[in-house]
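Residue-level structure breakdown
This is what each chain is made of:
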Amino acid sequence: AGTPVAEIEQTLQAKQQYLPFDPMLVEAGATIGGTIAAGLSGPGRFRYGGVRDFILGAEFVAGDGALIHSGGKVVKNAAGFDLPKLLVGSCGRLGAITELTFKVFPNAPEYHSFRIDSQSPEAAMQTMATLARGRWELDAVDYRCASQSVWIRIGGSRQVCTLIAEDIGQKLEGRSLVAIDFDESGKFWDDVRRLRIGDEMHDVIAKVPTDQSAAQQLAQWCSDRPEVVAMHSSVAGAVCWLAFRRDSLPEVDQRLTELNRCGMLLRGSVDHGGKAFIGARPDNPLEIAVKLAMDPPGRFPSFSG
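Residues numbered from 1 in each chain as written. Predicted model: local features only at pLDDT ≥ 70, side-chain atom pairs only at ≥ 80, totals over all residues. Heavy atoms only, no water.

Right, let's get into the environment of Ala293. Its location among the elements puts Ala293 in helix 10 (residues 285–294). The spacing of Ala293 and Ala238 is 55 residues in sequence and 30 Å in space, taken between C-alpha atoms. (Helix = DSSP H or I, 4+ residues; strand = E, 2+ residues; numbered from the N terminus.)

Right under this line is the structure:
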């Protein structure tokens, strides 16, 4: 579990394989166990699913010291409760992860990206909704709030990707898709995976699960105060990454509470009473029951933090 994701990606690349959910913060030294515990998935989650869809088995130490083996080495070789899935996003509250088994996919020979400019966050969210419902097999659908632009990524030859882009343009009633060159495309998606959002003053990063309505409201709010908070949305609006100044935490916390959304702090030192979450986080009876079952002695942090 302590293996750096960068080492895993390098090993897979040698065999033309990869982890399609686009692991985040690889260059920052993220480990595969930390990726599971934080439940972080990148833009590739749109087509292939998040990190929880790729974990097959796990070994972890429970609160009573027992070494638990769950899942299997292959897809159809596991029975019983799918405990590895519970570890995703648990932030170390259910057990100490020691070993993980993943399924991987063959990498596409090449990728091509296109940009769709929008006049407003509302128009951008409508565009993403159309793309999400479409018949096209898009690898990623993201929205950059600062430029009010929707970005899509497609795996395949340039000719095929261009034809898909033209078909999308027709579905969007003639709106043009701007083809992005290889260098700019690579930098854009690399910046997303590294969570380079906003500028150096936006030193706190939070992950906020959303839907189209909440993402639109957040995007409009961020557009009105770019000096305070910057936003990037992935997975066609299913998750928003917020970057803000540490002294703006109360304002961001209040806004998320008003939207009944919870954010997980990922980067940046803030005085928040040692808590990892901001915004609305109501008690979840299911979380409490799972915590009690997997950590009876209460050795690991509670879900209230």
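On to the side chain of Thr101. The residue Thr101 is located in strand 4 (residues 96–102) in this model. With sequence-adjacent residues up to four places away left out, Thr101 is seen in contact with Phe54, Ile55, Leu56, Gly57, Gly72 and Lys73. (Contact = heavy atoms within 4.5 Å.)

Turning our attention to the pattern of salt bridges. Applying the stated criterion to the full structure yields 18 salt bridges. One salt bridge connects Asp117 with Arg115, and the closest N-O pair in it is separated by 2.8 Å. What makes Asp117 partly exposed here is its relative accessible area of 41%. For Arg115, a relative accessible area of 21% corresponds to the partly exposed category. (Salt bridge = Lys/Arg side-chain N within 4 Å of Asp/Glu carboxyl O. Buried < 20%, exposed > 50% of the residue type's maximum accessible area, 1.4 Å probe, protein only.)

Take unusual backbone geometry next. Positive phi outside glycine occurs at Leu25, with the angle close to 55 degrees. Summarising the element assignment, Leu25 is placed in the loop between strand 1 (17–18) and helix 2 (32–38). With a relative accessible area of 15%, Leu25 lands in the buried category. One non-glycine residue, Asn260, lies in positive phi territory at about 55 degrees. Checked against the element boundaries, Asn260 lands in the loop between helix 9 (249–258) and strand 13 (262–267). Its relative accessible area of 57% is what places Asn260 among the exposed residues.

The subject of this paragraph is the packing of helix 5 (residues 121–133) against helix 8 (residues 212–224). For any two helices packed against each other, one specifies the inter-axial angle together with the distance between the axes. Packing of helix 5 against helix 8 brings their axes to within 9 Å, and their N-to-C directions diverge by 150 degrees. Between helix 5 and helix 8, the angle falls in the class roughly antiparallel. Considering the relative orientation of helix 5 and helix 8, their crossing is right-handed. The residues of helix 8 that touch helix 5, namely those facing Pro121, Glu122, Met125, Gln126 and Ala129, are Gln212, Ala215, Gln216, Ala219, Gln220 and Ser223. Its residues placed into classes, the contact of helix 5 with helix 8 shows 5 nonpolar, 5 polar and 1 charged. (Axes fitted to C-alpha atoms, helices over the stretch in contact; angles between N-to-C directions. Parallel < 35°, antiparallel > 145°, perpendicular 65-115°, else oblique. Left-handed = near helix turned anticlockwise from the far one by under 90°. Nonpolar A, V, L, I, M, F, W, Y, C, P; charged D, E, K, R; others polar.)

Turning to the sheet that holds strand 8 (residues 149–155), a few remarks are in order. Spatial strand order, 9-6-8-7-11-12-10-13-14: 9 strands in an open sheet with antiparallel pairing. Two strands bound the open sheet, and with one partner strand each, they are strand 9 (178–180) and strand 14 (277–279). Neighbour to neighbour, the strand axes of the sheet diverge by 25 degrees on average, direction disregarded. Sheet topology places strand 7 (residues 140–144) next to strand 8; 5 bridges connect them, and they run antiparallel. Bridging from a neighbouring strand, Ala140 pairs with Arg153 of strand 8. Helix 6 (residues 158–171) rests against strand 6 (111–117) and strand 8 of the sheet, and its axis sits at about 20 degrees to strand 6. Packing of helix 9 onto the sheet brings it into contact with strand 10 (204–209), strand 12 (239–244), strand 13 and strand 14, and relative to strand 14 it is tilted by some 65 degrees. (Pairing = 2+ DSSP bridges.)

Turning to the packing of aromatic side chains, a few remarks are in order. One pass over the structure, following the stated rule, counts 6 aromatic pairs. Judged by centre distance (4.9 Å) and plane angle (90 degrees), the ring pair of Phe188 and Trp189 falls under edge-to-face. On the basis of relative accessibility, which here comes to 6%, the residue Trp189 falls in the buried class. Through pairs of rings, three or more aromatic residues link up here, namely Phe21, Tyr48, Phe54, Phe102 and Phe105. (Phe/Tyr/Trp six-rings, centres within 6.5 Å; stacked < 30°, edge-to-face > 60°.)

Function cannot be inferred from these measures alone, as they are strictly geometric.
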